[in-house]
Amino acid sequence: MNIAVIGAQWGDEGKGKIVDLLTPHVSIVARYQGGHNAGHTVNVGDAQFILHLLPSGILHPGVRCVIGNGVVVDPDALFAEIETLATQGIEVGDRLLISDKAHVILPYHRELEVLAEARRGDRRIGTTSRGIGPSYEDKVGRRGIRVADLGDTSDDGPLAAAIRENVSARNRAIGGAEADWRALHADVRAVWARLERWVGDASLFLTRAMEAGERVLFEGAQGTLLDIDHGTYPFVSSSNSTVGGLCTGLGVGPRSIGAVLGIAKAYTTRVGRGPLPTELHGTMGDQLRESGREYGASTGRPRRCGWYDAVAVRYAVRINGLDALAITKIDVLDGLDEIPLCTSYRHGDEVLTEFPSNGSTLAGCEPVYEVLAGWSSRTAGVRRYEDLPSQAKTYLKRIEAVTGVPIAIVSTGSDRADTILMTGGLIDRWQAEPALFSE
Ligand code: GDP
Ligand code: IMO
Ligand code: MG
């Protein structure tokens, strides 16, 4: 049974940690959308790895990793990440396959994004400035450059023409010094020489592997509320981070997804702008940020913090058909007297139990809280459910009840080992299932 790991909030839920935890039970880990806007942190003992474009499974020797057609690939960022990993003792070698259909991010995408954000002024989105949005714009606009296109080595072939056109568009949009398309064309040729060994048909590779009984883990980036269609538009990223993006972003059918695990923090965070109904502005927000070390893994920006929002996560359950949840960072709530849990929204005279599909309605929503007792003993580092303080168990039970799906994993620290696997839960059963193919 293949499993999908998907963010159930606004990103940074701890997907990297959970993917790393589950990787020993699969032979392939595949990313299906986003790009190096992602920052997936994996802590193993004293070592810390932050994966941006490469699937987090790359840390496990013998595991093969796929970057699907739905991902946007910045070759410079990819090479830099591979080099950083090598300095940390991780060799990518031939374990990587990049879809020949994935679109590339080139320097003009980053420049156009910076310009677009500046022009939006106080309507800016607060993007990561990685060129993600403009690359997806080119894809949909049918002027994008795909990984396979980089293999055109002629001086005046389709690649040269596409670069010339796209650089001219960039020069028209951005005043001042013009970019030279010939220089970029030369750079891109050098890129191909390094990239070619990893490029292939990812859909075919995955399909054959699954037919042979290999087990695949699908690693989502960003989160449900940052999805281009289902997120808090326009304050979203430019890809489908929800489960639908998995099939289109890898070229696999829906039956290849055995189960969908949603990842949610025991509270809520968001980087960048846009509505966040449970946001805490005062000292409590600062306290969560400091104790949870809520600073972006990609950009270092402070994350906005608030209480757990069951309306938002329930929506993620619906959009993704989540089978179960992994609740991360419960340890960050250690020592609080009370923990509010948002169960519905108030909008004018109405009480809303479903996440509004309209952004202006959401912006006018106030959270309705149920207040639970906190705990004075620590959950940090606890590895057995029985050893959790009773109030923490009550909090988790309440999250299950108001969110509507069982909790399969509770994470009590950033280390791989600081994890509670719920007995009889989705992951417990999944891990016990023999993979048809043994590594
Ligand atoms: P991702 O983008 O979903 O992979 O999440 P990030 O890596 O951006 O952010 C999650 C942060 O929380 C990382 O610094 C993790 O090391 C850390 N983390 C994950 N799980 C836990 C946990 O249970 N407790 C604590 N204290 N930190 C955690
Ligand atoms: P992971 O995979 C949190 C946010 C940005 C911004 C918006 C659009 O680590 O969970 P973009 O550069 O994608 O056009 O920015 O999306 N964002 C993330 N926030 N975690 C992420 O990834 C994010 N990737 C993008 O902050 O608000
Ligand atoms: Mg992150």
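Nothing here was measured: the structure is a model prediction, and the numbers come from that model. (Residues numbered from 1 in each chain as written. Chains lettered and ligands numbered in written order. Predicted model: local features only at pLDDT ≥ 70, side-chain atom pairs only at ≥ 80, totals over all residues. Heavy atoms only, no water.)

Describing the site of ligand 1
Surveying the vicinity of ligand 1 reveals 19 residues, the closest of which are K15, G16, T41, D331 and S411. Within the backbone of G14, an N or O atom sits 2.8 Å from an oxygen atom of ligand 1. Measuring from a nitrogen atom of ligand 1, one finds a side-chain N or O atom of D331 at 2.7 Å. Protein chains shield 91% of the accessible area of ligand 1, which is 580 Å² for the free molecule. (Near = heavy atom within 4 Å. Polar contact = N/O pair within 3.5 Å; in protein donor to acceptor, adjacent residues only side chain to side chain. Areas by Shrake-Rupley, 256 points an atom, 1.4 Å probe, with all protein chains shown as cover.)

Points about the nonpolar core
Formed by 58 residues in total, the largest nonpolar core has its most connected members in L22, L54, L78, L96 and L261. Considering every element that reaches this core, the biggest residue donor is helix α6 (residues 181-195), with six residues. Taken domain by domain, the makeup of this core includes at least three residues from each of domain 1 (3-92 + 201-432) and domain 2 (103-197). Setting aside chain neighbours within four positions, we find L78 in contact with L53, L54, I67, L96, I98 and L195. Within the second largest apolar cluster, 57 residues are counted, among which are V260, W307, V317 and V332. (Core = buried A, V, L, I, M, F, W, Y, C linked by side-chain atoms within 4.5 Å. Buried < 20%, exposed > 50% of the residue type's maximum accessible area, 1.4 Å probe, protein only. Helix = DSSP H or I, 4+ residues; strand = E, 2+ residues; numbered from the N terminus. Domains from an automatic or database assignment. Contact = heavy atoms within 4.5 Å.)

A look at the pattern of salt bridges
Per the counting criterion, the structure on display carries 22 salt bridges. R110 is the salt-bridge partner of D74, the closest N and O atoms lying 2.4 Å from each other. You can see D74 sitting in the loop between β6 (72-73) and α2 (75-87) and its partner R110 sitting in helix α3 (residues 107-120), a full 36 residues away along the chain. Here D74 falls in the buried class, since its relative accessible area comes to 3%. Taking relative accessible area as the criterion, R110 reaches 25% and is therefore assigned partly exposed. Through salt bridges with shared partners, a single ionic network connects D12, K265, E294, R303 and K329. (Salt bridge = Lys/Arg side-chain N within 4 Å of Asp/Glu carboxyl O.)

Examining the site of ligand 2
Taken together, 20 residues lie near ligand 2, and D12, K15, H40, T128 and S237 sit nearest. G126 places a main-chain nitrogen or oxygen 3.4 Å from an oxygen atom of ligand 2. Q222 is positioned with one of its backbone polar atoms (N or O) 2.8 Å from an oxygen atom of ligand 2. Protein contacts shield 98% of the accessible area of ligand 2, which totals 550 Å² for the unbound molecule. When grouped by side-chain class, the residues that make up the shell around ligand 2 number seven nonpolar, ten polar and three charged. Of the residues that make up the shell around ligand 2, three or more belong to each of domain 1 (3-92 + 201-432) and domain 2 (103-197). (Nonpolar A, V, L, I, M, F, W, Y, C, P; charged D, E, K, R; others polar.)

Quick notes on the packing of aromatic side chains
Tallied over the entire structure, the rule returns three aromatic pairs. Taken together through their ring pairs, the aromatic side chains of Y315, Y345 and F355 make up a single cluster. A cation over a ring is seen here: R215 above W430, with NZ or CZ 4.6 Å from the ring centre. Directly above the aromatic system of Y385 lies the positively charged group of K393, at a separation of 5.6 Å from the ring centroid. (Phe/Tyr/Trp six-rings, centres within 6.5 Å; stacked < 30°, edge-to-face > 60°. Lys NZ or Arg CZ within 6 Å of the ring centre and 35° of its normal.)

As for the layout of surface pockets
There is about 700 Å³ of room inside the second largest pocket. Lining the second largest pocket are 31 residues, with N43, G292, R293, K329 and S414 positioned closest to its centre. The element contributing the most residues to the lining of the second largest pocket is strand β3 (residues 40-44), with four residues. For the lining of the second largest pocket, the per-class residue count stands at six nonpolar, 14 polar and eleven charged. (1 Å grid on protein atoms, 1.4 Å probe; cavity = no way out; pocket = protein on both sides within 12 Å on 5 of 7 lines; lining within 4 Å. Points joined across faces, edges and corners; volume = space filled by probe spheres on them.)

Some remarks on the coordination of the magnesium ion (ligand 3)
Listed as protein donors to the magnesium ion (ligand 3) are D12 (OD) and G39 (O); their distances from the metal cover 2.0 to 2.2 Å. Placement of D12 in the loop between β1 (3-7) and α1 (15-22) and of G39 in the loop between β2 (28-31) and β3 is noted, with a sequence separation of 27 residues between them. Residue class for D12 comes out partly exposed when judged on its relative accessible area of 23%. Residue class for G39 comes out buried when judged on its relative accessible area of 11%. (Donors = N, O, S within 2.8 Å, 3.2 Å for Na, K, Ca; no water.)

Things to note about the domain arrangement of the protein chain
In terms of domains, the protein chain is made up of domain 1 (3-92 + 201-432) and domain 2 (103-197). Measuring from the centre of the C-alpha atoms in domain 1 to the corresponding centre in domain 2 gives 30 Å. Residue-level contacts link 27 residues of domain 1 with 21 residues of domain 2. In this assembly, domain 1 packs against domain 2 so that about 2000 Å² is buried in total across both faces, 56% of it on carbon and sulfur atoms. The largest contributions to the domain 1 side of the interface with domain 2 come from V72, F79 and R273, which together make up 29% of the buried area. At the boundary of domain 1 and domain 2, one finds two salt bridges. Here E83 makes a salt bridge to R194, at a shortest N to O gap of 2.9 Å. (Buried area = accessible area lost by both parts, 1.4 Å probe.)

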